[in-house]
Amino acid sequence: MRVAWALLPEGLRERVELRFDASGALSHVEPAGPGPCIQALAIPGLCNAHTHLELSGLEQPGGQGLPAWVGGTLAQRASRSTAQTVAAIEAALTTLHQRGTASVGEVTNSRISDGPLSTSPMQGVVFHEVLGIHPGGVDESLAAVHGPSPSGFTLRAIPHAPYSCAPELLVAAVKSPALCGGGWPTMHLDEDPAERQFLMTGDGPWADVLDHLGRDRSQFVPPECTPVQYLERLGILDRVAPVHCTLTEGEDLRRLAQAGSPTVLCPRSNLHISGRLPAVEDMLAAGVRLALGTDSLASAPSLDVLDEVRLLWERFPQVPLETWLLAATQGSGEVLGTPARLEVGSAHPVLLLMGSGPHAWLDPHGERRWVETPKETP
């Protein structure tokens, strides 16, 4: 199969020939010889490193910050039946795969998405969030995370965020082994000013949310530092893939880069909830490794990471498009433990974005086609 363009680990390349062996793995990735090429970009199947499928079907207004959005989402979830939630998850998964997603990181509190995931053609990680601001609840929180996981998926305990977990739980969850498979544990980090306020003073909107939920925060001692510095002090910054980092800047970006932590961006969700984007140019300049997610359908209009790519390319035109395409495939695949690279030996699904250039590749209504292997595509 000869394609006009391919996204290789080193970036975009013109005229590339791909061949597959009998098992469907790539056996040949070389410059294409003479002859016609398919007018398409071949990329690894998309990887969505962070989504909340269990929030599918919800529509939550934004613009008032994360605590207000979370409060509204909790109330809306409580009014839905299990059948409604499952139906919305199944519809979201169908659309995800039709639009070219091969791997997904599902962040869940309820595990209600396990059933739909088990019948989907995708793979990835079920990130079971644990919460608990009281240090005495660590064992109970982690005991809730148990198998079996959906077929093709890793099950991993992850802490929700620094403002909802005692430091003991943050460390225990991050260091707990996956029940099967690999990848990085993820954590919401530095997403909203209220998070920084809570870590500095122990009060503010997040304290109000915890009180409303009946959480005992009497033993929480504010670390009086930024979220990134907090994880560094706890010795887990190099063991977690932070999600969002909407406010992270300056010296904290150097800390992220030095730790080697892949950072998962969900820019459309950030714009919806808080009206701002992460300092992505500074992240790249500092050497922070990037991945992409979409967050949920309650904070973004789709679960398509190519829509995140489109937004980032439009907002930051000086950043090469291949940077964002690699984040949506190779970078996110690393977070999920599902290597997504066009290289010899890879069995990750291959996706064709039809068209002869970037505007066609990123057309939200453009054709996307899975490559059927090991059959050759003419």
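Structure first, text after, so check above.
These numbers come from a predicted model, not from an experiment. (Residues numbered from 1 in each chain as written. Predicted model: local features only at pLDDT ≥ 70, side-chain atom pairs only at ≥ 80, totals over all residues. Heavy atoms only, no water.)

Participant: So what exactly am I meant to see when it comes to the overall build of the protein here?
Facilitator: Along the backbone of the protein there are 14 helices and 14 strands. For the protein, the C-alpha radius of gyration of 21 Å lies close to 21 Å, the compact-globule estimate for 378 residues. Structurally, the protein occupies a C-alpha span of about 70 × 45 × 35 Å along its principal axes. The proportion of buried residues among the 378 residues of the protein is 56%. Across the protein, contacts joining residues at least 24 apart in sequence account for 71% of those joining residues at least 6 apart. Mean positive and mean negative side-chain charge positions of the protein (26 and 42 charges, respectively) differ by 4 Å. (Helix = DSSP H or I, 4+ residues; strand = E, 2+ residues; numbered from the N terminus. Rg over C-alpha atoms; globule rule 2.2 N^0.38 Å. Buried < 20%, exposed > 50% of the residue type's maximum accessible area, 1.4 Å probe, protein only. Contact = heavy atoms within 4.5 Å. Lys, Arg positive; Asp, Glu negative; His and termini not counted. Charge placed at Lys NZ, Arg CZ, Asp CG, Glu CD.)

Participant: Even after reading the chapter, I still don't get the pairing of strand E7 (residues 123–130), so can you show me in this structure?
Facilitator: A regular strand places its side chains on the two faces of the sheet in alternate fashion. Within E7, seven of the eight residues are buried, which leaves the element mostly enclosed by the surrounding structure. As paired strands, strand E6 (residues 101–108) and E7 are joined by six bridges and run parallel to one another. Following the sheet pairing, Val104 is matched in E7 by Gly124. As defined by bridge partners, E7 adjoins strand E8 (residues 153–159) across seven bridges and the pair is classed as parallel. The residue of E8 that forms the bridge with His128 is Ala157. (Pairing = 2+ DSSP bridges.)

Participant: How should I be thinking about the sheet that holds strand E1 (residues 2–8) in this particular structure?
Facilitator: In any sheet, the strands associate via hydrogen bonds between backbone groups, in a parallel or an antiparallel arrangement. Pairing is mixed across the open sheet formed by six strands, whose spatial order is E3-E2-E1-E4-E13-E14. The open sheet has two edge strands, strand E3 (26–31) and strand E14 (368–370), and neither has a second partner. Across the sheet, the mean angle from the axis of one strand to that of its neighbour is 40 degrees, orientation sign disregarded. Pairing of strand E4 (residues 38–44) with strand E13 (residues 350–354), which is carried by five bridges, proceeds in the antiparallel orientation. Looking at E13, one finds that Leu41 is bridged to Leu353. Against the sheet, helix H13 (residues 321–336) engages E1, strand E2 (11–20) and E4, with an angle of about 75 degrees to E1. (Axes fitted to C-alpha atoms, helices over the stretch in contact; angles between N-to-C directions.)

Participant: Before we go on, may I ask you to explain the pattern of salt bridges in this structure?
Facilitator: Opposite charge on two side chains allows them to pair when their charged atoms are near. Following the criterion strictly, the structure yields 16 salt bridges and no others. Salt bridges sharing partners connect three or more residues here, namely Arg268, Asp307, Glu308 and Arg310. (Salt bridge = Lys/Arg side-chain N within 4 Å of Asp/Glu carboxyl O.)

Participant: Would you mind showing me how to read the packing of aromatic side chains here?
Facilitator: Here a ring pair, both rings aromatic, is described through the centre-centre distance and the interplanar angle of the planes. Within the structure shown, the criterion is met by three aromatic pairs. Geometrically, the ring pair formed by Trp5 and Trp361 is edge-to-face, given 5.7 Å between the ring centres and 75 degrees between the ring planes. Here Trp5, found in strand E1, pairs with Trp361, found in helix H14 (residues 358–361); they are 356 residues apart in sequence, far enough to count as distant. Consider the rings of Tyr163 and Trp206, whose centres lie 4.0 Å apart with planes at 10 degrees: the pair is stacked. Residue Tyr163 is found in the loop between E8 and helix H5 (167–175), and its partner Trp206 is found in helix H7 (residues 205–212); the two are separated by 43 residues along the sequence. Pair check on accessibility: Tyr163 and Trp206 agree, each one buried. (Phe/Tyr/Trp six-rings, centres within 6.5 Å; stacked < 30°, edge-to-face > 60°.)

Participant: Help me understand the environment of Pro185, please; the structure alone is not making it clear to me.
Facilitator: With respect to the helices and strands, Pro185 occurs in the loop between H5 and strand E9 (186–189). The class for Pro185 is buried, based on a relative accessible area of 5%. Considering only alpha carbons, one finds Pro185 and Gly287, 102 residues apart in sequence, at a separation of 20 Å. Sequence-distant contacts of Pro185, that is, excluding residues within four places in its chain, are made with Phe127, Arg156, Ile158, Val174, Arg239, Val240 and Ala241.

Participant: Can you help me understand the sheet that holds E7 in this one?
Facilitator: Reading across the sheet, the four strands line up as E5-E6-E7-E8 and stay open at both edges, with parallel pairing between neighbours. Strands with a single pairing partner mark the edges of an open sheet, and in this sheet they are strand E5 (46–51) and E8. Going from strand to strand, the sheet's axes swing by 15 degrees on average, the running direction of each strand aside. The sheet strands contacting H5 are E7 and E8, and the helix crosses E8 at an angle near 165 degrees.

Participant: How should I be thinking about unusual backbone geometry in this particular structure?
Facilitator: Note: most peptide bonds trans; most residues except glycine with negative phi. Cis geometry is adopted by the peptide bond preceding Pro148, which originates at Gly147 and carries an omega value of 0 degrees. Structurally, Pro148 is set in the loop between helix H4 (138–143) and E8. Here the phi dihedral of Glu224 falls at roughly 60 degrees; this positive angle occurs in a residue that is not glycine. You can see Glu224 is positioned in the loop between H7 and helix H8 (227–234). The phi torsion at His244 lies on the positive side, around 95 degrees, for a residue other than glycine. Locating His244 in the fold gives a position in strand E10 (residues 241–244).

Participant: Honestly, the packing of helix H6 (residues 193–201) against H7 in this entry has me stumped. Any pointers?
Facilitator: The description of two helices packed together rests on the angle between their axes and the distance between the axes. As a packed pair, H6 and H7 sit with axes 7 Å apart at the nearest point and diverge in direction by 85 degrees. Judged on the interaxial angle alone, H7 and H6 are roughly perpendicular. On the side of H6, the interface is formed by Ala194, Glu195, Gln197 and Phe198, while H7 contributes Pro205, Trp206, Ala207 and Leu210. Of the residues in the contact of H6 with H7, the class split is six nonpolar, one polar and one charged. (Parallel < 35°, antiparallel > 145°, perpendicular 65-115°, else oblique. Nonpolar A, V, L, I, M, F, W, Y, C, P; charged D, E, K, R; others polar.)

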